[in-house]
Amino acid sequence: MGWSLSYLSPRDPALLDAMFLSAGRALHLANAFELKCQYVLRIASLVEAVRGDPVLSLQQAIDAAPADKMLGGTPP
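Description of the structure in this document. (Residues numbered from 1 in each chain as written. Predicted model: local features only at pLDDT ≥ 70, side-chain atom pairs only at ≥ 80, totals over all residues. Heavy atoms only, no water.)

Topic: the overall build of the chain
Alright, step 1. When you go through the chain residue by residue, the secondary structure sums to 2 helices and 0 strands.
Alright, step 2. Among the 76 residues that make up the chain, the fraction classed as buried is 5%. (Helix = DSSP H or I, 4+ residues; strand = E, 2+ residues; numbered from the N terminus. Buried < 20%, exposed > 50% of the residue type's maximum accessible area, 1.4 Å probe, protein only.)

And the structure:
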């Protein structure tokens, strides 16, 4: 007979629900924070591109902004 965690009944289901709800909320906040940081960094790069060459059109400045989705990727 195999042993598995699924055979054990939870000791306090209400406590487990509260823990998983808190963990889910923390994960959601972390993801939202990362998306906001990504947006701020893209706007900052757009501002740097316009300050570096004031004759750029808006479309050229947007094209000059980095398109990667990682905030701090590791070098290959």
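Here's the deal with a nonpolar patch on the surface
Alright, step 1. Judged by side-chain polarity, Y39, V40, I43 and V47 come together as a nonpolar surface patch covering roughly 370 Å² of accessible area.
Alright, step 2. With respect to the element layout, I43 can be found in helix α1 (residues 13-52).
Alright, step 3. According to the relative accessible area criterion, I43 is partly exposed, its value standing at 35%. (Patch = residues over 30% accessible without salt bridge, like charges linked within 9 Å, V, L, I, M, F, W, Y side chains within 5 Å. Areas by Shrake-Rupley, 256 points an atom, 1.4 Å probe, with all protein chains shown as cover. Salt bridge = Lys/Arg side-chain N within 4 Å of Asp/Glu carboxyl O.)

Remarks on the environment of R42
Alright, step 1. The residue R42 is located in helix α1 in this model.
Alright, step 2. When the C-alpha atoms of R42 and I62 are compared, they prove to be 9.4 Å apart, with 20 residues separating the residues in sequence.

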